[in-house]
Amino acid sequence: EPEVTQTPSHQVTQMGQEVILRCVPISNHLYFYWYRQILGQKVEFLVSFYNNEISEKSEIFDDQFSVERPDGSNFTLKIRSTKLEDSAMYFCASRLGLAGYNEQFFGPGTRLTVL
Amino acid sequence: GESVGLHLPTLSVQEGDNSIINCAYSNSASDYFIWYKQESGKGPQFIIDIRSNMDKRQGQRVTVLLNKTVKHLSLQIAATQPGDSAVYFCAEPTGNQFYFGTGTSLTVIP
């Protein structure tokens, strides 16, 4: 069964450093998402991406964040200058996008720890 | 903004009993809801969805009920098993965003 994959599983970085979280969505899916989940809290929407551009973003997704689909398979989330409060699980998700198929498939997540 | 929440943060049930997990939402225009299960250390996993033109939808051992009058939905798990232990979220897509509730942690007691 196809699945969303994410690398690395755990990323430790120093405050102020740049990090890139990587995701490989399901190959025929058209919509891509990033979410974060601070420990013990709910899953929060960050950004959605379709047709090589951001379609929606939340208030969390400020200028420190960017997303990119550099090739036909990868979907990345970059945090330019990490802050302590960026420590969280980051989940990538993808969705087929056809009418009637609204289920998002989530990856296993990347745990980001900012020291 | 949208608000999706759950009534109880934790729920413990005996193995074999039925579980009921509740969720409330605020946007009366919402027309689609999804229940996700999140096991420890994993990403959310789709369980079942329901559209607002339905009151009930059944899957394998799971049933979702939607009460649009009071803006409430519930997830019922029949014959709960140890493998059902997880956090359960309801999610409400709005446009291209998905809003998740805070989650109910279900513990199945053998």
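Residues numbered from 1 in each chain as written. Chains lettered and ligands numbered in written order. Predicted model: local features only at pLDDT ≥ 70, side-chain atom pairs only at ≥ 80, totals over all residues. Heavy atoms only, no water.

Trainee: Tell me about the overall build of chain B, and please be specific about residues and values.
Mentor: Scanning chain B from N- to C-terminus turns up zero helices and 11 strands. Listing every helix and strand of chain B by position from the N terminus yields β-β-β-β-β-β-β-β-β-β-β. Its C-alpha radius of gyration of 13 Å places chain B within 12% of the 13 Å reference for a compact globule of 110 residues. Its C-alpha atoms give chain B principal-axis dimensions of roughly 40 × 30 × 20 Å. (Helix = DSSP H or I, 4+ residues; strand = E, 2+ residues; numbered from the N terminus. Rg over C-alpha atoms; globule rule 2.2 N^0.38 Å.)

Trainee: Tell me about a nonpolar patch on the surface, and please be specific about residues and values.
Mentor: On the surface, a cluster of nonpolar side chains totalling about 260 Å² of accessible area is made up of Leu30(A), Tyr50(A) and Leu98(A). Relative to the helices and strands, Leu30(A) resides in the loop between strand S3 (19–24) and strand S4 (31–37). (Patch = residues over 30% accessible without salt bridge, like charges linked within 9 Å, V, L, I, M, F, W, Y side chains within 5 Å. Areas by Shrake-Rupley, 256 points an atom, 1.4 Å probe, with all protein chains shown as cover. Salt bridge = Lys/Arg side-chain N within 4 Å of Asp/Glu carboxyl O.)

Trainee: Would you mind going over the interface of chain B and chain A in detail, with residue names and values included?
Mentor: Across the boundary between the two partners, chain B contributes 19 residues, which contact 20 residues of chain A. Taking both sides of the interface into account, the surface hidden between chain B and chain A amounts to around 1600 Å²; carbon and sulfur atoms contribute 50%. Summed over the shared surface of chain B and chain A, the result is zero salt bridges. Here chain B is connected to chain A by two residue pairs in polar contact (both at pLDDT 80 or more). Going through the elements one at a time, strand S4 (32–38), strand S5 (45–51), strand S9 (86–94) and strand S10 (97–100) of chain B are the ones with two or more residues in the side of chain B that touches chain A. For the side of chain B that touches chain A, the element with the highest residue contribution is S4(B), accounting for four residues. Residue classes in the side of chain B that touches chain A are distributed as eight nonpolar, nine polar and two charged. (Contact = heavy atoms within 4.5 Å. Buried area = accessible area lost by both parts, 1.4 Å probe. Polar contact = N/O pair within 3.5 Å; in protein donor to acceptor, adjacent residues only side chain to side chain. Nonpolar A, V, L, I, M, F, W, Y, C, P; charged D, E, K, R; others polar.)

Trainee: Help me get a handle on the state of the cysteines, residues and values and all.
Mentor: One way to say it: the disulfide is the covalent bond shared by the sulfur atoms of two cysteines. Applying the stated criterion across every chain, the model contains two disulfides over all chains. In this model Cys23(A) forms its disulfide with Cys92(A); the gap between the sulfur atoms is 1.9 Å. Disulfide Cys23(A)-Cys92(A): the torsion about the S-S bond is -60°, which places it as left-handed. With Cys23(A) in strand S3 and Cys92(A) in strand S9 (residues 88–95), this pair connects stretches of sequence that are 69 residues apart. A relative accessible area of 1% places Cys23(A) in the buried class. What pairs with Cys23(B) in a disulfide is Cys90(B), and their sulfur atoms sit 1.7 Å apart. (Disulfide = S-S within 2.5 Å. Buried < 20%, exposed > 50% of the residue type's maximum accessible area, 1.4 Å probe, protein only.)

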